[in-house]
Amino acid sequence: MDKTIPNLEKAISEIPDGAQIMIGGFGGSGAPIELIHALIDRFRATGSPKNVTVINNNAGNGFIGIAAMIKAGMVGKMICSFPRSSNAEAFNEKYLAGDIKLELVPQGTLAERIRAAGAGIPAFYTPSSFGTELANGKPTEEFEGKRYVRERWLKADFALIKGQEGDTVGNLTYRLAGRNFNPLMAMAADKTIAQVTVLGAAGTINPEQVITPGIFVDAVVEVSNPQQEEVLVRTGVVH
Amino acid sequence: MDKTIPNLEKAISEIPDGAQIMIGGFGGSGAPIELIHALIDRFRATGSPKNVTVINNNAGNGFIGIAAMIKAGMVGKMICSFPRSSNAEAFNEKYLAGDIKLELVPQGTLAERIRAAGAGIPAFYTPSSFGTELANGKPTEEFEGKRYVRERWLKADFALIKGQEGDTVGNLTYRLAGRNFNPLMAMAADKTIAQVTVLGAAGTINPEQVITPGIFVDAVVEVSNPQQEEVLVRTGVVH
Amino acid sequence: MTDFNIPDVALSNAQIAWRAAQDIEDGSYVNLGIGFPEMIAKFQPDGRDVTYHTENGVLGFGKAPLEGEEDWDLINAGKKAITLKPGASFFHHADSFAMVRGGHLDLAVLGAYQIAQNGDLANWRVGSKGVPAVGGAMDLVHGAKRVAVVTDHVTKDGKPKLVESCTFPLTGVGCVTRVYTSLAVIDIADGKFVLKEKLPAVTLAQLQSVTGATLHIDGEVADLIVPEDL
Amino acid sequence: MTDFNIPDVALSNAQIAWRAAQDIEDGSYVNLGIGFPEMIAKFQPDGRDVTYHTENGVLGFGKAPLEGEEDWDLINAGKKAITLKPGASFFHHADSFAMVRGGHLDLAVLGAYQIAQNGDLANWRVGSKGVPAVGGAMDLVHGAKRVAVVTDHVTKDGKPKLVESCTFPLTGVGCVTRVYTSLAVIDIADGKFVLKEKLPAVTLAQLQSVTGATLHIDGEVADLIVPEDL
C-alpha cells in the first residue's frame, strides 16, 4: 500500500472545480506551500480547479499560499476564524468587493467541527459563541445550568497538509507548532494529500511517535526543502 | 510546578468515599496496578475510600487490580463496556447478587464521552447504539438521513493512569498499546494521578513526542518496575 | 423443519473465514471482531496488502508472537498478544474509534446471533440474564464502509440465524450488507436477503427451509466452493 | 462628562499589564490574548512558575527569540516567534481548545471594546463594516477558571468601556469576572461592577462619571498603586 506520489503536479491533479479543500497551517507555520502553489499553477494553466472553498484558520497573507490562490481568482469561499490581518489584502479586496464568500467560525469550534467530521460525530455542543451573532440560527441547549450552541461537523473533499517525517503508508509527524490543524484535517477529508520533508520506508517512524496514522492519509509527496510561509511573506515573494 | 509525589500512599491519599474514579488500561495492558493496589491497601487499613464508582473498559480480571478492588468491597458501581470475561468472577458474583451497579456503555461511546468531558463538550451525537436498548431514554436526531443518539460527557473526580516516561511537570508518554484510555482519562478528571516507569526532569521528553501534556496531570509518582497486569492474572497472583 | 442434515454439508468456521477472506481488498483497512472473525486474517490471499485495526489503539499489527515471546502491553481487542508490521502506529481510544465511526475502515467483520433481512444485527447478548457486555460491537457496525458477518447458518439447535426481524437485543440497525454462512453467501439490499452463492450440495429449497426470511435471487447464484482441507 | 482629565492620571498599558500580572498565581496555566494582554508575561512576578498556553498548540513557551534567531514554525497565536521552556509540549488544535474549553486553564486575559456589568464581553468587532475576524476569543471566554480583561477605562474619544449592556457585537455572555483598567480594578459579581481598587488621584465620583454603569462598593476599596517607571 505505497501511497507515495512522485511529484506535486500529480498529487493535486484530481481536485475538481468546486471542491471543498482543507489546507493545514496556522499563520506562517505548517502550511503546505508547495502543494498550494502546484494547485495554483494548474489553475493558471488549465482554468481548473475554479470556485473552490478553502478551509483554513486564516485567509492568506502576502502574495503566496492561500493569498495567491485568492488573488488568482480560484477561491469562491473561505471558511476560517481570522481572515483579517495586516497583509491579507488579497482576501480583503475580494471580500469588500463582494467577490468571495466568508463563513466565520470561532477557532476552537473550527477545530472541533473538523475533528468531529473525522470522528463520525455529526454534531456537538459547545459554549463558544453562545449569545453572539455567530450563533444566530443555531440550536441551543442547556446542560447543568450552562447554555451551549449545537455545531455540525465540517468535512472536505480534499485536505492538503504538511508533515515533517512521512512514510510510504502515510504515517506522519509534524515540526514544532506546524502541527496545528494538519492532523485534524487529515481525518476529515475524503482524500488527504500530504507533503513531507523527509519520506521514509514504512516503519521508519517509531509507532509510538506517529502523530497521524496512515489510515488518514491517501497520498504522500516528498518536498525535501519546503519553503517557510512566514519567510516568503516577510520577504515579499510573489507566486 | 513540580508535580512529583514521593510515594504511592501519598498519591492516592485524597480520594474520598463515593469518588468517581477513572482507571486507565485495557485488558491486561496500561493499567496503573500499583496505584490501584495502594488504594486497596488504604481501604483495607482505614475503610476508605468506600462505595467508589470505577470507570474502565473492563471490570477486572483475576484477583488483582480492579477485580481486587471489587472483591475488597470498595466499589459501588462500574461504568464499562465489557465486564464479562473468562476470569471476571469478582465482578460477576457481586453483579449477579445485586451488590454492584453497572452502567454499560459501548466502547467507542465510552471513549468519546470521556474525551468530551476533557474537551468541554457537554453532549454529542453518535450513531453507536441507535435503535438498541442501550439508547433507551436518550434523545435521538437525524442528520443527513442517518439517525444518531445524543450522549453526555463523562467526568470523574480522579483519574489513575499509567505512563511510560513522565517528567516533573506531568508530561507523559505511553508504552505500546498501554496507551488506550489513559490520555483521555487524564483530560477528564478533576485530579489526575499518574504512575510512570521513568521519571525525568522537565524537558526530558521531546516536546513533539509528548502524548499527554502536563496541564492534564496533577500528580506524578515513579514506579520503576511496574507489574504487568496480564502476567499477574495468568499466574494467579492475589492482591 | 429441514429435509437435509446440515452438519453433513455445512462449512467449518475455517472454511467460512476463508471465503470471507477472499473478499478483503488489496490496500484495505480492516477490523476483525473478537473470536471467530479474527480467524479471517489467516486466510488473507497472497499478494494483498491489508492493514488490520484493533479497537484498543493499534493499526498495522501482524501475527501472534511465539509462545513465551509475548509482550502483554502489545495486545489486540481480544486481549491476545500481537506483533507489529512495519508502518504500525499507536493511538488512544478516542482516535481509534474516530477511525471506526468516521468511516475510515473499509471493512468490519463480526459474528452474529441473528441477522435480519433489513440488515439489523444482534450479536451482543441473547437475553436479559447474566452479565451483559458490549465492547466495541455497537461502534464497529457503524462507520466501516462495509460491514459483514461470518456465522453458522443456523443455531446449535437448528434455528435460523437469518430472520425477518431479530428477537435478540440489537447491536445495530440496518448495518450488515453481506453474510458469510456455513451454507451460503447472502447480500442484504433494500431490506431483502439476496442469495449470491450457495453450496452446490444444497438446493435452493433446502436453503430456504433453514432461513427465517425469504431468500431473493437477483442474477446468478454462484457455487460456494472453498478448500476442503481447512 | 468628566470633571477631570483622564490622560493626566490614567495608567499606561504597561502599568495595567503590570497590575494584572500581580494576580497570576504560582503554578498556574495561563492564556494571554493577542496584543495588549501578551504584555502581561513581561511583568510576571519573580518566583512564580507560570505555564503559558497558546491556541495554535504550544504549552510552556518562553520569551521571544533574538531577532534573526526566529524559527517561524515556532510561533504563538499572534504569529510572533517564541521559544520553548523545559517541559514544553506540542499538540493539535483540537487538543489545544480542549485545554481551553475543558476548564484546564486557570486564567485567560483578553482585551475589550466593552464590558457589561453582567460580565458580557465585546472584543471582536465594533460594527458590521470591514472584514470580521474572531480567532479564539469566543472559545477563550469559556472554560478558563478565571477570565479577566485589561483595557483603558474609556475609549479614545472618552466614552465608557464599562457599560450597562454592550452595544457592540458580543464575544461571550457573562464570562468576565475581573477588569483591570487604566483607572481601577473592578470585579464582576451577581450582575454588578464591584470596585476593588482605584487610583488614589481619582475620586469615586470622578470614576463613576466615566463608567457606564453603577460602581458598587463591597468592602474596602484599595489604592491602585503601580510602578511609575514602566
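Computed from a predicted model, the values in this text were never measured in an experiment. (Residues numbered from 1 in each chain as written. Chains lettered and ligands numbered in written order. Predicted model: local features only at pLDDT ≥ 70, side-chain atom pairs only at ≥ 80, totals over all residues. Heavy atoms only, no water.)

Chemist: Just to check I follow, could you spell out the side chain of N92(B) for this structure?
Modeler: Tracing the backbone through its elements, the reader meets N92(B) in helix 4 (residues 89-96). Apart from residues lying up to four places away in sequence, N92(B) is in contact with P83(B), S85(B) and V131(C). (Helix = DSSP H or I, 4+ residues; strand = E, 2+ residues; numbered from the N terminus. Contact = heavy atoms within 4.5 Å.)

Chemist: Is there a simple way to think about the confidence of the model for chain C in this case?
Modeler: Regions with low pLDDT should not have their predicted coordinates read in detail. Looking at chain C, the pLDDT average stands at 95 and 99% of residues meet or exceed 70. Per the prediction output, this complex has pTM 0.98; the corresponding ipTM is 0.97. (pLDDT = per-residue confidence, 0-100.)

Chemist: What exactly am I supposed to notice about the interface of chain A and chain D here?
Modeler: Bring the parts together and some accessible area is lost; that lost area is often taken as the interface size. Contacts between the two partners involve 48 residues from chain A, matched on the other side by 36 residues from chain D. Counting each side, the surface lost to burial between chain A and chain D is near 3,400 Å², with a carbon and sulfur contribution of 63%. Contact with chain D buries area across many residues of chain A, yet F26(A), R84(A) and L176(A) alone supply 16% of it, more than any other trio. Connecting chain A to chain D are 3 salt bridges. Measuring nitrogen to oxygen at the nearest pair gives 2.4 Å for the salt bridge that ties R175(A) to D71(D). Our enumeration of links across chain A and chain D arrives at 19 residue pairs in polar contact (both at pLDDT 80 or more). Elements with a minimum of two residues in the side of chain A that touches chain D: helix 4 (89-96), strand 4 (101-104), helix 5 (107-119), helix 6 (182-188) and helix 7 (229-234) of chain A. With 6 residues, the single largest contributor to the side of chain A that touches chain D is helix 5 of chain A. (Buried area = accessible area lost by both parts, 1.4 Å probe. Salt bridge = Lys/Arg side-chain N within 4 Å of Asp/Glu carboxyl O. Polar contact = N/O pair within 3.5 Å; in protein donor to acceptor, adjacent residues only side chain to side chain.)

Chemist: I keep staring at the nonpolar core and nothing clicks. Help me out?
Modeler: Side chains of nonpolar character tend, in soluble globular proteins, to be buried together. Counting residues in hydrophobic clusters, the biggest one holds 217 residues, and the most contacted among them are I114(A), I114(B), I115(C) and I115(D). For I114(B), the contacting residues outside a window of four places in its chain are M22(B), I55(B), L154(B), F181(B), L184(B), M185(B) and A188(B). Listed in part, the 42 residues of the second largest apolar core include A19(B), I40(B), V52(B) and L134(B). (Core = buried A, V, L, I, M, F, W, Y, C linked by side-chain atoms within 4.5 Å. Buried < 20%, exposed > 50% of the residue type's maximum accessible area, 1.4 Å probe, protein only.)

Chemist: Could you clarify how one ought to interpret the pattern of salt bridges in this entry?
Modeler: If charged atoms from side chains of opposite charge come close, those side chains can pair. All names here are of chain C. Taken as a whole and assessed by the stated rule, the structure comprises 40 salt bridges over all chains. A salt bridge links R19 to E197, with the nearest nitrogen and oxygen atoms 2.7 Å apart. Taken together, the positions of R19 in helix 2 (residues 13-22) and E197 in strand 12 (residues 192-198) put the pair 178 residues apart, joining distant regions of the chain. Residues joined in a network through salt bridges with shared partners are R19, D23, R178, D187 and E197.

Chemist: So what exactly am I meant to see when it comes to the packing of helix 5 (residues 107-119) of chain B against helix 3 (residues 93-101) of chain D here?
Modeler: Angle between the axes and distance between the axes: these two values describe a pair of packed helices. At a minimum axis distance of 7 Å, the contact between helix 5 of chain B and helix 3 of chain D shows a crossing angle of 65 degrees. Across from R115(B), G118(B) and A119(B) in helix 5 of chain B, the residues of helix 3 of chain D making contact are A94(D), F97(D), A98(D) and R101(D). When the residues that make up the contact of helix 5 of chain B with helix 3 of chain D are grouped by side-chain class, the tally is 4 nonpolar, 1 polar and 2 charged. (Axes fitted to C-alpha atoms, helices over the stretch in contact; angles between N-to-C directions. Nonpolar A, V, L, I, M, F, W, Y, C, P; charged D, E, K, R; others polar.)

Chemist: What exactly am I supposed to notice about the packing of helix 3 (residues 65-72) of chain B against helix 4 of chain B here?
Modeler: Residue and element names in this part refer to chain B. Relative to each other, helix 3 and helix 4 sit at 35 degrees, their axes nearing to 8 Å. Note on packing geometry: the crossing formed by helix 3 with helix 4 is left-handed. Contact residues: helix 3 offers A67, I70 and K71, while helix 4 offers A90, F91, E93 and K94. When grouped by side-chain class, the residues that make up the contact of helix 3 with helix 4 number 4 nonpolar, no polar and 3 charged. (Left-handed = near helix turned anticlockwise from the far one by under 90°.)

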